[in-house]
Structure formats: structure tokens, C-alpha cells
Amino acid sequence: MEVKRRTVRSLVTKLGSVSEQTRGEALAELRLISKHDDDVRPIIADAGAIPYLAEILYSSSHEAQENAAATLLNLSISSRDALMSTRGLLDAISHALRLHSSSTSPVAVQSAAATLHSLLIVESYRPIIGAKRDIIHSLVEIVKMRNSPPRSVKDALKALFGIALFPLNRHQIIELGGAQPLFSLIVNEGRVGIVEDASAVIAQIAGCEESADEFKKCSGIGVLADLLDMGTGSSNRVKENAVSALLNLVNFGGERVKKEVKEMGLQVAGGIADVAENGSAKGKTKAVALLKTLLDENMVRDSRFDFILKQSQSL
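Residues numbered from 1 in each chain as written. Predicted model: local features only at pLDDT ≥ 70, side-chain atom pairs only at ≥ 80, totals over all residues. Heavy atoms only, no water.

Q: Give a detailed account of the overall build of the protein, specifying residues and quantitative values.
A: When helices and strands are tallied, the protein shows 21 helices and zero strands. The C-alpha extent of the protein, read off along each of the three principal axes, is 80 × 40 × 30 Å. In the protein, which comprises 315 residues, the proportion classed as buried is 52%. By sequence separation, contacts in the protein at least 24 residues apart represent 69% of the contacts at least 6 residues apart. (Helix = DSSP H or I, 4+ residues; strand = E, 2+ residues; numbered from the N terminus. Buried < 20%, exposed > 50% of the residue type's maximum accessible area, 1.4 Å probe, protein only. Contact = heavy atoms within 4.5 Å.)

Rendered as C-alpha cells:
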């Protein structure tokens, strides 16, 4: 272990060298060893590498950006506290994300977004990262831009999901225009994984008062209903996300939204019943809760909904 410490200290010292070649070689080596050696990651963090890595994210060299961002991602697996306590780290990540369409390497953008997702695993970090509006704005822009690489979009969606897990962050995503590009992905994107991730974010941001009006602008309830249509072939995860989104909308959007969801009729109710029967444990619970919310006395009297009521009561 002592050999590893000496090696790491030497490499970190070289990150401050006046020689660009020396810095580049040390950076590439740190990226390599942090990827393959779990034990060395905290050593790299303790040796003071993180401030250097954060500064390198401002570099004009794509290779340097990529190596620094990838090393930070590797360190975030086991040294999250060290990263979050480093002054200026989130600003550096924000810078890399903000310039995603111009001067930042796409690979560095992906690693930066993935680093955020890793940090957001820690519940206490979610309000801190969510308070950085520039980070949320950049993630939304990555999702919005048509020429963003699919990997960048997927990593941005995962980061947005982590941010949205903290309830007070959800209105920030709404206010910064996140709803429209998320629904656009669902409507226009054919890749199942991206649709699943986008619908997961939508399910979270639906859980705030601001979501009802914004979703209406995007015809959001109709899109969610389409996902629950048995003929669309949506994956189980997408269907469960749609149920979760509708349940949040009903709970936070008031009577007007509840009425709009009810008006979707058998298309929505049948899809919800399918999740109640075939979904995961969490999905079944939410589907039953949504059914019980939507099936008021007037609807129950309608024989078209008898099978749905029975499905709800059997779970």
C-alpha cells in the first residue's frame, strides 16, 4: 500500500508541473489506476488531486478534459465526501456541462454528468447540487439539443433524476424549461432506455404544484396516457413511470388535473390496471392508489369500470 501512496503522490505532484507533457502523462496514469484499482481511489483523493482535476476541466485540451472528468467519475465511487468538500468542484462540472455543444469534449460531458449522478446517490447532496441552477440548466440543454450524443442525453437524464429526488428541486427543473424536452424525447425517441430514463424524470417532477400547468402546455397527460395504452408496446418500466407521474399529478395538481386524467377513460384506467396486476411491488402499489383515486362513485356505477374496481380490490 505504501508503494501505491508514493506513486500517487508523485503523480499528483506532476499535475502541478510547468510541462504540459508531464501533466498529461500523470493525468492519463491517474485515470488508468483509478479505473482499475478500488484501493487507490481514496489515496488519490487524500493526496490532493481533486482541485487539480477540477481546474483541468477548464482546459481547452479535449484529452485533458476527458482524463480529468473520467478520473473524477472514478473517484466519485468511493470518495464522494472529498469531491463535495472541494471548493469549486461543482462550478467546474457546471462549466464542462455548459460548454457541451462547443468547447467541451462529449466524453468529458458524459463523465461530468455521470459524476453528478454518482454524487446524487447521497441524499444530503441533492439540495446542494439542486441549488446550482446553472447545472440544471445545462443538463436540460443537453436533453433539449437534437445533436447531443445519446450517451450524453442518457447521463444528463440520470443526473436530472437524482436532482429531482429532492422534492424542492422539482420546480427548478420545471422553471428552467425541463418538461418540454423530456416529453419531446418520449414522443420522438425510439430508444427504449432513453424513453425509460426520460419518463422516470417526468414521474419525479410531476410531484410539485408547478407541474400541472407546465404538463398541460406539453399535452403531458395525453402522452402519459399513450404510454399506458396496451397497443403502444411500452416497457414495464415506462408504464410504471407513467402511473407514478399521473399519481403525482393527481396529488399535486388539484381537481382540474384529476378531472382531466379521469376523462382519459378506459385507455388510462385499463393501462393502470395492467400495472396493478403485472408491475413491480412499488408499481402495483402506485397503480392501486391511482385507481382508487380515479374511480369515484360515479365511475364505479359505470359497468365499463367494473373489472378495474375488482382488480383494485384484489390487491
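Once you've had a look at it, read on.
Q: Please give an account of the pattern of salt bridges that cites residues and values.
A: Scanning the model with the defined rule gives 16 salt bridges in all. Close ionic contact of K4 with D37 constitutes a salt bridge, the shortest N to O distance being 2.9 Å. Within this pair, whereas K4 is found in helix α1 (residues 2-14), its partner D37 is found in the loop between α2 (20-36) and α3 (40-46), the two being separated by 33 residues in sequence. Judged by its relative accessible area of 29%, K4 is partly exposed. Judged by its relative accessible area of 19%, D37 is buried. (Salt bridge = Lys/Arg side-chain N within 4 Å of Asp/Glu carboxyl O.)

Q: Describe unusual backbone geometry, with residues and values.
A: Positive phi values are uncommon outside glycine, yet S219 reaches one of about 55°. With respect to the helices and strands, the residue S219 is situated in the loop between α15 (211-217) and α16 (220-228). Residue S219 is classed as partly exposed on the basis of its relative accessible area of 49%.

Q: So what's going on with the nonpolar core? Which residues, and what values?
A: Core analysis: the biggest nonpolar cluster contains 99 residues, and L97, L116 and L139 have the highest contact counts within it. With residues up to four places along the chain from it excluded, the contact list for L97 reads V109, A112, A113, L116, I135, S138, L139 and I142. (Core = buried A, V, L, I, M, F, W, Y, C linked by side-chain atoms within 4.5 Å.)

Q: Please provide a residue-by-residue account of the side chain of E214, values included.
A: Relative to the elements of secondary structure, E214 occurs in helix α15. Setting aside chain neighbours within four positions, we find E214 in contact with I174 and A179.

Q: Just give me the short version of helix α4 (residues 49-56), but keep the residues and values in it.
A: A49, I50, L53, A54 and I56 are the residues of α4 that are buried. Taken around the axis of α4, the buried residues stretch over an arc of 160°, which confines them to a single face. Against the buried residues of α4 lie α1, α2, α3, α5 (62-75), α6 (80-84) and α7 (89-98). (Arc of directions from axis to C-beta.)

Q: Residues and numbers for the packing of aromatic side chains, please.
A: The tally for this structure, following the rule as stated, stands at one aromatic pair. Plain terms: the ring middles of F183 and F215 are 5.0 Å apart, the flat faces sit at 85° to each other, and that makes the pair edge-to-face. In this pair, F183 is assigned in helix α13 (residues 179-188) and F215 in helix α15, connecting sequence segments 32 residues apart. Here F183 matches F215 in class, with each residue buried. (Phe/Tyr/Trp six-rings, centres within 6.5 Å; stacked < 30°, edge-to-face > 60°.)

Q: Please set out the packing of α5 against helix α8 (residues 106-119) residue by residue, giving values where relevant.
A: Helix packing geometry: the angle between the two helix axes and the distance between the axes. Packing of α5 against α8 leaves a shortest axis separation of 8 Å and a crossing angle of 20°. Considered as vectors, α5 and α8 are oriented roughly parallel to each other. Crossing hand, α5 versus α8: left-handed. Only V107, A108, S111, A112, A114 and T115 of α8 make contact with α5, whose side of the interface consists of Q65, E66, A69, A70, L72 and L73. (Axes fitted to C-alpha atoms, helices over the stretch in contact; angles between N-to-C directions. Parallel < 35°, antiparallel > 145°, perpendicular 65-115°, else oblique. Left-handed = near helix turned anticlockwise from the far one by under 90°.)

Q: Tell me about the state of the cysteines, and please be specific about residues and values.
A: For the structure shown, the criterion picks out zero disulfides. Of all cysteine sulfurs in the structure, the one in C218 sits closest to C208, which takes part in no disulfide; the separation is 12 Å. (Disulfide = S-S within 2.5 Å.)

Q: Quick rundown of the side chain of S94? Include the residues and the values.
A: Structurally, the position occupied by S94 is in helix α7. Ignoring any residue separated from it by four or fewer positions in sequence, one finds S94 in contact with D134, I135 and S138.

Q: So what about the packing of helix α10 (residues 133-144) against helix α11 (residues 150-164)? Which residues, and what values?
A: In contact at an axis separation of 9 Å, α10 and α11 are set at 140° when each is read in the N-to-C sense. Considering their axes alone, α10 and α11 lie oblique with respect to each other. α10 and α11 meet at a crossing whose hand is left-handed. Between α10 and α11, the contacting residues are I136, L139, V140, I142 and V143 on the first element and S152, V153, A156, L157, A159, L160 and I163 on the second. Across the contact of α10 with α11, the residue classes break down as eleven nonpolar, one polar and no charged. (Nonpolar A, V, L, I, M, F, W, Y, C, P; charged D, E, K, R; others polar.)

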